[in-house]
Amino acid sequence: MGHVDVPVRPGDAQRRRPGKAGRRKPGNAARRRRFIPPQHGAWAMLVVPYLAGLVAAGYRWPDAPLLGAWIAGYLLSYYAFQAVKSRRVQRYRTQLVLYAAVAAPLALLVVVARPGVLVYAPGYAALFAVNTWYAARRQERAFVNDLASVLQSCLMVFVVAAVADVPPAAVFGMFVLCVAYFVGTVCYVKTIIRERGNPTYLRLSVGYHVLALAVAAWFGLMPAALFAWLLARAALLPGRGWTPKRTGVVEIVNCALMLLVAGTALA
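Figured I'd write up the structure that's included with this text. Counting restarts for each chain: residues are numbered from 1 in the order of the written sequence. Whole-chain, interface and lining totals are the exception, using all residues; otherwise, since this is a predicted model, local features are given only for residues with pLDDT of at least 70 and side-chain atom pairs are given and counted only at 80 or more. The basis for every side-chain value is the complete set of heavy atoms in the structure, and neither hydrogens nor water enter the calculation.

### Quick look at the pattern of salt bridges
Move 1: The salt bridge definition used is simple: a Lys or Arg side-chain nitrogen within 4 Å of an Asp or Glu carboxyl oxygen. With the rule as written, the count across this model stands at 3 salt bridges.
Move 2: Residues lysine 190 and aspartate 146 are paired through a salt bridge, measuring 3.1 Å at the closest nitrogen-oxygen approach. Linking lysine 190 in helix H9 (residues 168-192) with aspartate 146 in helix H7 (residues 143-154), this pair joins segments that are 44 residues apart in sequence.
Move 3: By relative accessible area, lysine 190 is classed as buried at 9%. In DSSP terms, a helix is any run of H or I states spanning at least four residues, a strand is any run of E spanning at least two, and both are numbered starting from the N terminus. Working definition: with a 1.4 Å probe on protein chains only, accessible area under 20% of the residue-type maximum means buried, over 50% means exposed, and in between means partly exposed.

### Regarding the packing of H9 against helix H11 (residues 221-236)
Move 1: As a rule, the C-alpha atoms of each element are fitted with a line to give its axis, helices using only the stretch in contact, and angles between N-to-C directions run from 0 to 180 degrees. Where H9 contacts H11, the two axes come as close as 11 Å, and the packing angle between them is 10 degrees. What the angle tells us is that H9 and H11 run roughly parallel. Along the contact surface, H9 presents Leu177, Ala180, Tyr181, Thr185 and Tyr188, while H11 presents Pro223, Phe227, Leu230, Arg233 and Ala234.
Move 2: When the residues that make up the contact of H9 with H11 are grouped by side-chain class, the tally is 8 nonpolar, 1 polar and 1 charged. The labels follow the angle: roughly parallel below 35 degrees, roughly antiparallel above 145, roughly perpendicular from 65 to 115, and oblique for the rest. We call two residues in contact when some of their heavy atoms are within 4.5 Å. Just so you know the grouping, Ala, Val, Leu, Ile, Met, Phe, Trp, Tyr, Cys and Pro go in nonpolar, Asp, Glu, Lys and Arg go in charged, and all remaining residues, Gly too, go in polar.

### Structural notes on helix H10 (residues 199-219)
Move 1: In a helix, the anticipated span is given by 1.5 Å times the number of residues less one. Given a rise of 1.5 Å per residue, 21 residues ought to cover 30 Å, and the 31 Å separating the end C-alpha atoms of H10 matches this to within 8%.
Move 2: Summarising the contacts, the buried residues of H10 are in contact with H7, H9, H11 and helix H12 (244-266).
Move 3: Any N or O atom pair separated by 3.5 Å or less is treated as a polar contact, with the protein-specific requirement of one donor-capable and one acceptor-capable atom, and with residues adjacent in sequence counted only for side-chain atom pairs. Capping the start of H10, asparagine 198 holds a side-chain oxygen 2.9 Å from the backbone nitrogen of threonine 200, two or three residues further along.
Move 4: Just past H10, the residue glycine 220 takes up positive phi, approximately 135 degrees.

### Points about the state of the cysteines
Move 1: Only a pair of cysteine sulfur atoms within 2.5 Å counts as a disulfide in this structure description. Under the definition given, this model contains 0 disulfides.
Move 2: Cysteine cysteine 154 shares no disulfide, and the gap to the nearest cysteine sulfur, in cysteine 178, comes to 5.1 Å.
Move 3: Given the relative accessible area of 0%, cysteine 178 is considered buried.

### What to know about the environment of tryptophan 242
Move 1: The residue tryptophan 242 is located in the loop between H11 and H12 in this model.
Move 2: For the pair tryptophan 242 and isoleucine 193, spaced 49 residues apart in sequence, the C-alpha separation works out to 8.8 Å.
Move 3: Discounting chain neighbours no more than four positions away, the residues touching tryptophan 242 are Tyr188, Ile192, Leu237, Thr247 and Val250.

### A closer look at unusual backbone geometry
Move 1: At arginine 87, a position not held by glycine, the phi torsion is positive, near 60 degrees.
Move 2: Tracing the sequence through the fold places arginine 87 in the loop between helix H4 (63-86) and helix H5 (93-113).
Move 3: What makes arginine 87 exposed here is its relative accessible area of 55%.
Move 4: Although it is not a glycine, aspartate 165 sits at a positive phi angle of roughly 60 degrees.
Move 5: Considering the arrangement of structural elements, one finds aspartate 165 in the loop between helix H8 (156-163) and H9.
Move 6: According to the relative accessible area criterion, aspartate 165 is exposed, its value standing at 61%.

Shown next, in the form of structure tokens:
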């Protein structure tokens, strides 16, 4: 955005002159930014697969500490990747200690109550290693890294099922729909923001949604209708000058629709 000259009324310069009284101290918002990542889309990827697992497998009491460990673990991993990326671990020491102190006892409680959840630990470790590799190279926005993050999030469907002693096969359809939705969202959002105007990414996004629609149709009419809409938005909305905020609002609605459709068709 270019510079815009604004007419100044008499006395404005004196009123606007900075002084001790006008200096702002760091407020609550600035302090929150030290402990809350500016990654708004990540919250949908945290919450939706967890809720999808509850819809498919039902609620058990260890699901409460599981959610706490899941959120704290994400916050811990975010600042761990920042430390790896910057090579300045000390800079993020406070956040790392805080979120480790929250995540560790909650995760231990879940493991003691439901040891079966440990079967998914190797998968998370492998995907975490992928994220770490990209963070070390400062390529966190790489497409493969995004896919690894999607798989990490969607594995939570199986973890919630393990807490409920529900076999993985019973929630496999829910897992597939979550993966299909979030991979599509990664493709679509790139065409709106970081790869805006890139015809290769637009073709990738539209082509992916065509395949996802075919998979969704196998699950029934409602999933097919949802993914038909997602295909339409992937084909028609890029290039219309949508802001990240407006895009985010639409994706929140899409997350709710996905949960509603999956719950109706698969639960």
